[in-house]
Protein chains: 6
Amino acid sequence: MVDAFAPELELVFLLIIWHSINMSTTALYPGSFDPVTFGHLDIIARAARIFDTLVLAVGAHHSKTSLLPLDQRLSLLETEVATLNINNVKFITFDGLVVEAARNHSAGVIVRGLRNTTDFDYEAQMAAMNAAMAGEVETVFLSASPKTGFIASSLVKQIARMGGDISGFVPPATARTVLKALKT
Amino acid sequence: MVDAFAPELELVFLLIIWHSINMSTTALYPGSFDPVTFGHLDIIARAARIFDTLVLAVGAHHSKTSLLPLDQRLSLLETEVATLNINNVKFITFDGLVVEAARNHSAGVIVRGLRNTTDFDYEAQMAAMNAAMAGEVETVFLSASPKTGFIASSLVKQIARMGGDISGFVPPATARTVLKALKT
Amino acid sequence: MVDAFAPELELVFLLIIWHSINMSTTALYPGSFDPVTFGHLDIIARAARIFDTLVLAVGAHHSKTSLLPLDQRLSLLETEVATLNINNVKFITFDGLVVEAARNHSAGVIVRGLRNTTDFDYEAQMAAMNAAMAGEVETVFLSASPKTGFIASSLVKQIARMGGDISGFVPPATARTVLKALKT
Amino acid sequence: MVDAFAPELELVFLLIIWHSINMSTTALYPGSFDPVTFGHLDIIARAARIFDTLVLAVGAHHSKTSLLPLDQRLSLLETEVATLNINNVKFITFDGLVVEAARNHSAGVIVRGLRNTTDFDYEAQMAAMNAAMAGEVETVFLSASPKTGFIASSLVKQIARMGGDISGFVPPATARTVLKALKT
Amino acid sequence: MVDAFAPELELVFLLIIWHSINMSTTALYPGSFDPVTFGHLDIIARAARIFDTLVLAVGAHHSKTSLLPLDQRLSLLETEVATLNINNVKFITFDGLVVEAARNHSAGVIVRGLRNTTDFDYEAQMAAMNAAMAGEVETVFLSASPKTGFIASSLVKQIARMGGDISGFVPPATARTVLKALKT
Amino acid sequence: MVDAFAPELELVFLLIIWHSINMSTTALYPGSFDPVTFGHLDIIARAARIFDTLVLAVGAHHSKTSLLPLDQRLSLLETEVATLNINNVKFITFDGLVVEAARNHSAGVIVRGLRNTTDFDYEAQMAAMNAAMAGEVETVFLSASPKTGFIASSLVKQIARMGGDISGFVPPATARTVLKALKT
């Protein structure tokens, strides 16, 4: 019977649960994912190994100038991340500040990738402004893996528009969707 | 009685323990700390909030050209970190590769601070070489906080040698030790 | 009596006046100030200590894509600079080249702030082009103070648009004006 | 008589022709040249000394936001390059990917100039993406000469729009055409 | 007679002198000048036009690893600056902190040249540390002129050691002294 | 018979030979190769496709502080390049200026690899100084391939000294030689 627990064990039991919840770190990886690239997937796979929960946050506010609408960017991200065999990711969309999205999803950490010094200058500025607004949220950076560190979503779209082969930069399903979006 | 546990609850109990141990992330912050600066303490305080355990690793192999001997660098680091009121740090010394130190202390993450693009270029190179040697260890970067992001240990020593006031860059106990070391 | 001046002293008198006028350096700090930030105020306070006169020059030609109209950017700048208690600043607007504005206001120096290497690359290019057009006007750079060096007007506006708190980046009166402008 | 060739010499003859054709390197220097500057001419003169044939490729796809129409950008480029007294250049226009233009004109090399680290970050990214798409085409970089390394087409147009003197940045005929285009 | 001054004019007279002294800005340009290059002379000529007095400060503490002894570096600097026809420079040597040298010579400004982003990263760090030590001393930067912005004293010495022609980097008298120093 | 050549064909024949020799471009790739890495081999394989002849130049003057003596660095380079199956490379050693080595081997081009902005800043400075000394020799840059762009000889040696596995950075024969050299 349940009430047969020894009281001192119940305490240990509760402490472990409390500790487990309390220490678990949720990180949020925000982006426009327009479209998701092998570079994003590299950061996602690596961040998912570091943090207990990784919230993949697709920014709605970018949608006006984006190639793909928000729901398509989200569903492509879900499709491609499914192939990574990781089970501690969640998918959200957000419209507003990244630090607000982090707070709303109890993420104490924002994850960003760094490809080069131009990225670094912009991201360090943004991280400092975010820290000024929300001191309890930390930004951590992963430097892009060599194999994917040269891929930029904006260049992928530019190449696709000119009829170039983007199969080296995005997964097949994403490539098909991008090409379809450009035709319409 | 202990054996009164409902078997299905015992399983939950074990799963929680296993999960708690398995998911806990240990990060290693390596450096020569010659001497520890407010910049290091900023990174330490922030990293300790992100990771379950933070191993502060003082590199012994730098000691030949260092101002302070290894044991003094370690004890100053312990003294100054004690003032931060964080209780999930461990202190080690290591002699060899950072990735080996990480493996030896079950750290899946190496933490490094980034102050500027010169730092970024060097650290991204080192992170990629470490990833090639030990793919299971990730390097994460924190960009230095504005208030301490201009402090460099090497310049602190240079300033102290010329009789300059280093109290804006290192804590008092460290400042005293550095000045003493320079006199002998 | 006035005409009792010894002639040789009159000459010294005139030389001192001439020297005083001739050697006084007027510097011009151009920007769009859309809106003025703590970063701008840091550069202004520091530049005003270095140069005899500091001309704060609000660029009219940026107004098409600016959030605030020219007169509002100017009056906010005047309001905020008034709090700095410096009395060697002048306020102007200009429409055209910065070097022309400098010439029109007898400024031999253009002042610019540098926050990071991306700033440096752009500003060094602009300074060299300005030097090619107007060799008598020098550009001098101040590196941004750590406490404000991460603030960018463009990000301030982006944050305000998303409902974020910009009180850490701009003074209160400016914050109110920005929020009001975004509502209309 | 032609058929009096010693057969073994005919073979040598053919081998030399084959080798000459085979080893000759064609490089393609792509750009929008809107307008051509002294910076472009510096890279052209230097690249023409290195490679057997230099294809100057004016990108048509930039024309929508360009100041000058494609044919004018091409003819100005032809006019100014004519003054360099080099005879191994060809002029083309292209609409699409740079690597496709390179393939279409049998160019194994793409030439790009580098002025600063911002250029480097962008160009290295583009070069890696091009290499992923067309491994047989190499990108080589020339660092801009000091005398012209600060000139940017975009700033030239901005200066001209404000009535500034651009004679230090572009040749006279180009300057006249730019001014004319701005008036209409 | 001298005592015939109208008292009110005496006051004006004194105010002008006081103002002239008080507002005059003294800047200090520190370096090891081992040896002085065309790059240094460019910065000196330009800084001397901006500031009332320019103190050229040769750092003694670099002398241990320097090619030329302190007195020779100073005398070469004096010789070469004499050719610039500027009369508001002073020459000093100093042993210790740059901010102390600035204080000792009533210089409110430290001048430094910037050639590229590597320079910027180092100099911005040093400037922030100097500001922390001596808030009343400002550091201002001049970006190197294109014609001399690629010259580095260290490379000049390396080239001279290998028998290279350094006449494009340093003035003739300096070149002779460097070559002589390398022979002994 | 040989004298049966039609005279006009002899002329064509000679012109082709002359053109072939005259237009052939020899490039020199200088380095200390202490030791040769996969990064060097990447640049060598790519440069050998671009230029008619590629002179691999091992700098003798670095040998004092090098791990491996000059002859060993040269022979390792020869061994590893042999595996690339390219037949237009030559191997030399040189002691002195790179531009002198280029002149001595009739190389009109110096080849250098660029991994990041720190590399770029240094190499652009060196290229400009070389151009000032030897205007007829051009420096061209290849950006490092993603797969090898993070490898640095200095870090390879540092890793090997600490007992790390360098097989991801240098070929097997080179790895063995480095390890042997470190033991003695």
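Note that this is a predicted model, so its numbers are computed, not measured. (Residues numbered from 1 in each chain as written. Chains lettered and ligands numbered in written order. Predicted model: local features only at pLDDT ≥ 70, side-chain atom pairs only at ≥ 80, totals over all residues. Heavy atoms only, no water.)

1. Describing the overall build of chain A
Here is step 1: Helix and strand content of chain A: seven helices and five strands.
Here is step 2: Along its sequence from the N terminus, chain A presents helices and strands in the succession α-β-α-β-α-β-α-β-α-β-α-α.
Here is step 3: For chain A, the proportion of its 184 residues judged to be buried stands at 57%.
Here is step 4: In chain A, of all internal contacts separated by at least 6 residues, the share reaching a separation of at least 24 is 76%.
Here is step 5: Total accessible area computed for chain A in this model is approximately 8,100 Å², and 56% of it derives from carbon and sulfur atoms. (Helix = DSSP H or I, 4+ residues; strand = E, 2+ residues; numbered from the N terminus. Buried < 20%, exposed > 50% of the residue type's maximum accessible area, 1.4 Å probe, protein only. Contact = heavy atoms within 4.5 Å. Areas by Shrake-Rupley, 256 points an atom, 1.4 Å probe, with all protein chains shown as cover.)

2. Some thoughts on helix H5 (residues 117-133) of chain B
All names here are of chain B.
Here is step 1: The end-to-end C-alpha separation of H5 is 24 Å, in line with the 24 Å expected for 17 residues at 1.5 Å each.
Here is step 2: Counting buried positions along H5 yields 13 of 17 residues, so the element is predominantly enclosed.
Here is step 3: If you check the start of H5, you find a side-chain oxygen 3.2 Å away from the backbone N of Thr118, and it comes from Asn116. (Expected span 1.5 Å × (residues − 1). Polar contact = N/O pair within 3.5 Å; in protein donor to acceptor, adjacent residues only side chain to side chain.)

3. Observations regarding the side chain of Ser153 of chain B
Here is step 1: For Ser153 of chain B, the location among the structural elements is in helix H6 (residues 153-161).
Here is step 2: Relative accessible area serves as the criterion here: at 18%, Ser153 of chain B is assigned to the buried category.

4. Quick word on the packing of H5 of chain B against helix H6 (residues 153-161) of chain F
Here is step 1: Axis separation between H5 of chain B and H6 of chain F bottoms out at 11 Å; the angle between their running directions is 50°. With respect to their mutual orientation, H5 of chain B and H6 of chain F come out oblique. For the element pair H5 of chain B and H6 of chain F, the recorded crossing hand is right-handed. Contact with H5 of chain B, carried on its side by Tyr122, Gln125, Met126, Met129 and Met133 of chain B, involves Leu155, Val156, Gln158 and Ile159 of chain F of H6 of chain F and no other residues of that element.
Here is step 2: Here the residues of the contact of H5 of chain B with H6 of chain F are counted per class, giving seven nonpolar, two polar and no charged. (Axes fitted to C-alpha atoms, helices over the stretch in contact; angles between N-to-C directions. Parallel < 35°, antiparallel > 145°, perpendicular 65-115°, else oblique. Left-handed = near helix turned anticlockwise from the far one by under 90°. Nonpolar A, V, L, I, M, F, W, Y, C, P; charged D, E, K, R; others polar.)

5. Here's the deal with the confidence of the model for chain A
Here is step 1: Considering every residue of chain A, the mean pLDDT works out to 91; 86% of them sit at 70 or more.
Here is step 2: Reported confidences for the modelled complex are a pTM of 0.91 and an ipTM of 0.88. (pLDDT = per-residue confidence, 0-100.)

6. Some points on the nonpolar core
Here is step 1: Leu54, Val111 and Phe169 of chain A together with Leu54, Val111 and Phe169 of chain B are the most contacted members of the largest nonpolar core, which totals 109 residues.
Here is step 2: Excluding anything up to four places from it in sequence, Leu54 of chain B contacts Ala27, Tyr29, Ile44, Ala47, Ala48, Asn88, Val89, Lys90 and Val111 of chain B. (Core = buried A, V, L, I, M, F, W, Y, C linked by side-chain atoms within 4.5 Å.)

7. Describing the side chain of Asn130 of chain B
Residues and elements named next belong to chain B.
Here is step 1: By secondary structure assignment, the location of Asn130 is in helix H5.
Here is step 2: The exposure class assigned to Asn130 is buried, which follows from its relative accessible area of 8%.
Here is step 3: In this structure Asn130 touches Val99 and Ile110, once residues within four positions along its chain are discounted.

8. Digging into the pairing of strand S2 (residues 53-59) of chain C
Residue and element names in this part refer to chain C.
Here is step 1: Where burial is concerned, most of S2 is hidden: six out of the seven residues are buried.
Here is step 2: Inspection of the sheet shows strand S1 (residues 26-31) paired to S2 by six bridges, in the parallel sense. Each bridged residue has a counterpart across the sheet, and for Ala27 the counterpart in S2 is Leu54.
Here is step 3: The handedness of the S1 to S2 crossover, carried by helix H2 (residues 38-50), is right-handed.
Here is step 4: Both S2 and strand S3 (residues 89-94) contribute to a ladder of six bridges, which runs parallel. The residue bridging Ala57 from the neighbouring strand is Ile92, located in S3. (Pairing = 2+ DSSP bridges. Right-handed = clockwise from strand over helix to strand, strands pointing away.)

9. What to know about the packing of aromatic side chains
Here is step 1: Counted according to the given criterion, the structure contains 18 aromatic pairs over all chains.
Here is step 2: Measuring from centroid to centroid gives 5.6 Å for Tyr29 of chain C and Phe33 of chain C, while their planes differ by 80°, and the two rings are edge-to-face. (Phe/Tyr/Trp six-rings, centres within 6.5 Å; stacked < 30°, edge-to-face > 60°.)

10. Topic: the pattern of salt bridges
Residues and elements named next belong to chain A.
Here is step 1: Enumeration over the complete set of coordinates arrives at 48 salt bridges over all chains.
Here is step 2: Arg46 is the salt-bridge partner of Asp42, the closest N and O atoms lying 3.2 Å from each other. Highlighted residues: Asp42 and Arg46, both in helix H2 (residues 38-50), separated by four residues, approximately one helical turn.
Here is step 3: Given the relative accessible area of 14%, Asp42 is considered buried. (Salt bridge = Lys/Arg side-chain N within 4 Å of Asp/Glu carboxyl O.)

11. Comments concerning the packing of helix H3 (residues 70-82) of chain E against helix H7 (residues 172-183) of chain E
Residue and element names in this part refer to chain E.
Here is step 1: Remark: H3 packs on H7, axes separated minimally by 9 Å, with the N-to-C direction vectors making an angle of 160°. With respect to each other, H3 and H7 are oriented roughly antiparallel. As H3 runs across H7, the sense of the crossing is right-handed. On H7, the residues that touch Gln72, Leu76 and Glu80 of H3 are Ala173, Thr174 and Thr177.
Here is step 2: Looking at side-chain class alone, the contact of H3 with H7 contains two nonpolar, three polar and one charged residues.

12. Details of unusual backbone geometry
All names here are of chain B.
Here is step 1: Following Asp34, the chain continues to Pro35 via a peptide bond in cis, the omega torsion being 5°.
Here is step 2: Relative to the helices and strands, Pro35 resides in the loop between strand S1 (26-31) and helix H2 (38-50).
Here is step 3: One non-glycine residue, Ser106, lies in the positive phi region at around 55°.
Here is step 4: Along the chain, Ser106 falls in the loop between helix H4 (98-104) and strand S4 (109-114).

13. Considerations on the environment of Thr79 of chain A
Residue and element names in this part refer to chain A.
Here is step 1: When you line up the elements, Thr79 lands in helix H3 (residues 70-82).
Here is step 2: Take Thr79: its relative accessible area is 41%, and that puts it in the partly exposed class.
Here is step 3: At 2.7 Å, the side chain of Thr79 and the backbone oxygen of Ser75 are in polar contact.

14. Here's the deal with the environment of Leu182 of chain D
Residue and element names in this part refer to chain D.
Here is step 1: Residue placement: Leu182 occurs in helix H7 (residues 172-183).
Here is step 2: You can call Leu182 partly exposed: its relative accessible area is 26%.
Here is step 3: The spacing of Leu182 and Arg161 is 21 residues in sequence and 6.7 Å in space, taken between C-alpha atoms.
Here is step 4: Those residues within four positions of Leu182 in sequence are excluded, and the remaining contacts are Leu67, Ala160 and Arg161.

15. Regarding the environment of Arg103 of chain A
Residues and elements named next belong to chain A.
Here is step 1: Along the chain, Arg103 falls in helix H4 (residues 98-104).
Here is step 2: Distance from Arg103 to Val156, taken between C-alpha atoms, is 32 Å for residues 53 residues apart in sequence.
Here is step 3: The contact partners of Arg103, leaving out residues within four places of it in the chain, are Met133, Ala134 and Glu136.
Here is step 4: A distance of 2.9 Å separates polar atoms of two side chains, one belonging to Arg103 and the other to Glu100.

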